[in-house]
Amino acid sequence: MSEDSDAIDALPPLREVIARHDLGARKALGQNFLLDLNLTGRIARVAGDLADVSVIEVGPGPGGLTRALLKTGAREVVAIERDPRCVAALQDLIAAAGDRLRIVEGDALEADPEALVAAPRAIVANLPYNVATPLLLGWLRRIDAFRSLTLMFQKEVADRLTAPPGGKAYGRLSVIAQWVAEVRPAFNLPAQAFVPPPKVMSTVVHFTPRPGREEADWQDMERVTAAAFGQRRKMLRASLRSLGDAEALLEEAGIAPTARAEEVPVSGFAALARAWAARR
Ligand code: SAM
């Protein structure tokens, strides 16, 4: 590993890689690059010990986080990148990392992580923000396939992911994420940490599968949270009408008919999803 590490340290600085390969950032691809290797190292460390773990990285770009993941000693890194310019720019890193790095050119939304690498596997990524939520939901749906997810989001999305019941940030995303995962905000990054800077602050969030989660079907959870938060200011006896006899559902789930969606904890939504499944 130290040989690889020396070879990675000897690579040209990321600014030079960007200039040499003309990697002008493309907004449509959510390209905001991290060039500070201290920061990419910090993200890699949030993921924990990766020595026996295969890491999938989405969107390596010029390769800053990829370098950090290889240097922290991940068993292997498989990086999915949609932009062929970035794939070309990563060739020197492949040469330095040897068989510990594989680049897959394509769309991460269409990739099957379980087919890409053997378990134990983790995902670590500075996500393209335009597809961050659909990517995350796809991974959360099969969270047990991963040891952890360590992902950069715009702070507003991270706030929703980690919000407790009772506030404005608590919504569908909070319930679904916290139902299947332990969700922990790791640290914030100012917009200036990126090239070019996005309009918003960013937050790294760490997810691990949540043991002993309440039983419920994924689609039923999506359906009840959509109904409840679609009209979040209404009492649930009104907002859940689209699901049938709302009062009966709420009674079965042990939730007051006058409660509003943002007051209901994850366990309450799981009880609602089970009650709805039983009534259909
Ligand atoms: N990891 C790099 C860094 O931290 O500097 C780049 C992060 S940048 C926010 C997002 C990266 O994802 C870009 O390299 C972009 O080309 C890539 N990307 C965008 N959409 C993608 C998709 N659907 N599948 C795979 N990669 C994608």
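Below is a short write-up of the structure. (Residues numbered from 1 in each chain as written. Predicted model: local features only at pLDDT ≥ 70, side-chain atom pairs only at ≥ 80, totals over all residues. Heavy atoms only, no water.)

### So, the site of the ligand
Here's step 1: Gln-31, Leu-34, Gly-59, Glu-81 and Asn-126 are the nearest of the 20 residues found near the ligand.
Here's step 2: Gln-31 places a polar side-chain atom, nitrogen or oxygen, 2.8 Å from an oxygen atom of the ligand.
Here's step 3: Contact with the protein chains removes 99% of the 590 Å² of surface that the ligand exposes when unbound.
Here's step 4: Within the residue set of the shell around the ligand, elements represented by two or more residues are strand 1 (33-34) and strand 3 (76-81).
Here's step 5: Class assignment of the residues belonging to the shell around the ligand gives a composition of 8 nonpolar, 7 polar and 5 charged. (Near = heavy atom within 4 Å. Polar contact = N/O pair within 3.5 Å; in protein donor to acceptor, adjacent residues only side chain to side chain. Areas by Shrake-Rupley, 256 points an atom, 1.4 Å probe, with all protein chains shown as cover. Helix = DSSP H or I, 4+ residues; strand = E, 2+ residues; numbered from the N terminus. Nonpolar A, V, L, I, M, F, W, Y, C, P; charged D, E, K, R; others polar.)

### Some points on the sheet that holds strand 5 (residues 121-126)
Here's step 1: The mixed open sheet is built from 7 strands, whose spatial order is 4-3-2-5-6-9-7. At either end of the open sheet lies a strand with only one pairing partner, and these are strand 4 (101-105) and strand 7 (181-189). Here the average twist between neighbouring strands, direction ignored, is 20°.
Here's step 2: Note that strand 5 and strand 6 (residues 148-154) share 5 bridges and pair parallel. Bridge assignment links Val-124 to a residue of strand 6, and that residue is Thr-150. (Pairing = 2+ DSSP bridges. Axes fitted to C-alpha atoms, helices over the stretch in contact; angles between N-to-C directions.)

### Details of the pattern of salt bridges
Here's step 1: Across all of its chains, the model carries 16 salt bridges by this definition.
Here's step 2: Between Lys-71 and Asp-9 there is a salt bridge, and its shortest N-O distance comes to 2.5 Å. Highlighted residues: Lys-71 in helix 4 (residues 64-71) and Asp-9 in helix 1 (residues 2-9), separated in sequence by 62 residues.
Here's step 3: The salt bridge involving Arg-210 is made with Glu-214; its shortest N-O contact spans 3.1 Å.
Here's step 4: Using a relative accessible area of 18% as the deciding quantity, one classes Arg-210 as buried. (Salt bridge = Lys/Arg side-chain N within 4 Å of Asp/Glu carboxyl O. Buried < 20%, exposed > 50% of the residue type's maximum accessible area, 1.4 Å probe, protein only.)

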